[in-house]
Amino acid sequence: MTPSATATILDGKLTSQNLLDSLSVELGALTAQGAPLPKLVVVLVGDDPASQVYVNKKAKTAQKIGMLSQLLTYPQATSQAELLAVIAQLNQDASVHGILVQLPLPKHINTLDVITAIDPKKDVDGLHPLNMGLLMSGDPSACKPCTPAGVMTLLNAYQVPLAGKNAVVLGRSNIVGKPMGLLLLQENATVTYCHSKTADLPAVCRQADILVAAVGVPNLVTADFIKPGAAVIDVGINRLEGKLVGDVDFASAAQKAGFITPVPGGVGPMTIATLMANTLFLYRQAQSRH
Ligand code: GUN
């Protein structure tokens, strides 16, 4: 028999539901006032099955909390010019407050060109270079990328101390790793980025009071990577033998960590709820410009 887990579960399902409930109240007040409602448009190109699941979840959650949403799907063969035309039209449409282009895009499309075409004021993912620059500058007027912002909300909900702590971020993507490190730095953590070329990865990870794994390698992080009592955040969603597993080997890691996120039910729902919060944030900013 394996010993039972000792770590506190960072419950993303519960924490995201609390956030969605509070957004729902705000949206209800707007509806009662007869105000125009925030609207999120999600654009999906191609037929990646995982992306289809994610975008449906995003559209459904918006609906559930009383936010307007639209899902636009285009075939794999859609040209970059066609996609840019769609974005230009959404940029012009005053009823649209948030535009999300689901990633990854098909290989024949340049992701940076597409993201740069989104009006930064409607960039609900915070991935436009202008918004990444604002995040780097510590300017709070931009949306923060949904996954790392959701992780921060989860850490705060469980009052995980950050100031003066060692945070290790495994992964350096624009969408998770890089902004994750910046957000932890803003909270006065001492941040280290690790990646595929990092020497003695387990030893670096063992220094971490907060360890965020976002590399997409199933079960990479085992108990051997974990400082006793650390907060372990698993951003990975990998399909392994028909099962969803994270980047963290939960069974062994939970024996050593102080806090740990499950997969599913950890970071995933936080990403979705943060997307809703970001859409409402952009809506409020648009209203205040009128
Ligand atoms: N693909 C996986 N996660 C995300 C996300 O948060 N935003 C976008 N645009 N694409 C994704």
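Keep in mind that this is a model prediction, so the values were computed, not measured.

A.B. asks: Sorry, what's going on with empty space enclosed by the protein here?
C.D. replies: In this approach, a probe sized like a water molecule rolls over the atoms, and the result shows the empty space that is left. Under the criterion given, the structure shown has one cavity of 30 Å³ or more. Space inside the largest cavity adds up to approximately 40 Å³. Lining of the largest cavity is provided by Leu100, Val101, Leu103, Ile115, Ile118, Asp125 and Leu127. Class assignment for the residues of the lining of the largest cavity results in six nonpolar, no polar and one charged.

A.B. asks: Please explain the side chain of Asp125 as it appears in this structure.
C.D. replies: In this structure, Asp125 sits in the loop between helix 4 (111-117) and helix 5 (129-137). The buried charged residue Asp125 lacks any salt bridge partner; its closest oppositely charged side chain belongs to Lys58, at an N-O distance of 5.9 Å. Every residue in contact with Asp125, bar those within four places of it in the chain, is listed here: Leu100, Val101, Lys144, Pro145 and Cys146.

A.B. asks: Looking at this model, I keep getting lost on the side chain of Asn131. Mind explaining?
C.D. replies: Along the chain, Asn131 falls in helix 5. A polar contact of 2.8 Å, which involves the side chain of Asn131, links it to the side chain of Asp123.

A.B. asks: Quick question: what am I supposed to make of the site of the ligand here?
C.D. replies: Taken together, Lys58, Leu100, Val101, Gln102, Leu103, Asp125 and Ile175 are the residues near the ligand. Between the ligand and Val101, the relevant distance is 2.8 Å, taken from a nitrogen atom to a main-chain nitrogen or oxygen of the residue. Calculation on the ligand without its partners gives an accessible area of 280 Å², and the protein chains cover 83% of this total. Residues that form the shell around the ligand fall into these classes: four nonpolar, one polar and two charged.

Cut-offs applied
Residues numbered from 1 in each chain as written. Predicted model: local features only at pLDDT ≥ 70, side-chain atom pairs only at ≥ 80, totals over all residues. Heavy atoms only, no water. 1 Å grid on protein atoms, 1.4 Å probe; cavity = no way out; pocket = protein on both sides within 12 Å on 5 of 7 lines; lining within 4 Å. Points joined across faces, edges and corners; volume = space filled by probe spheres on them. Nonpolar A, V, L, I, M, F, W, Y, C, P; charged D, E, K, R; others polar. Helix = DSSP H or I, 4+ residues; strand = E, 2+ residues; numbered from the N terminus. Buried < 20%, exposed > 50% of the residue type's maximum accessible area, 1.4 Å probe, protein only. Lys, Arg positive; Asp, Glu negative; His and termini not counted. Salt bridge = Lys/Arg side-chain N within 4 Å of Asp/Glu carboxyl O. Contact = heavy atoms within 4.5 Å. Polar contact = N/O pair within 3.5 Å; in protein donor to acceptor, adjacent residues only side chain to side chain. Near = heavy atom within 4 Å. Areas by Shrake-Rupley, 256 points an atom, 1.4 Å probe, with all protein chains shown as cover.

Purely spatial values, then, with no claim about function.
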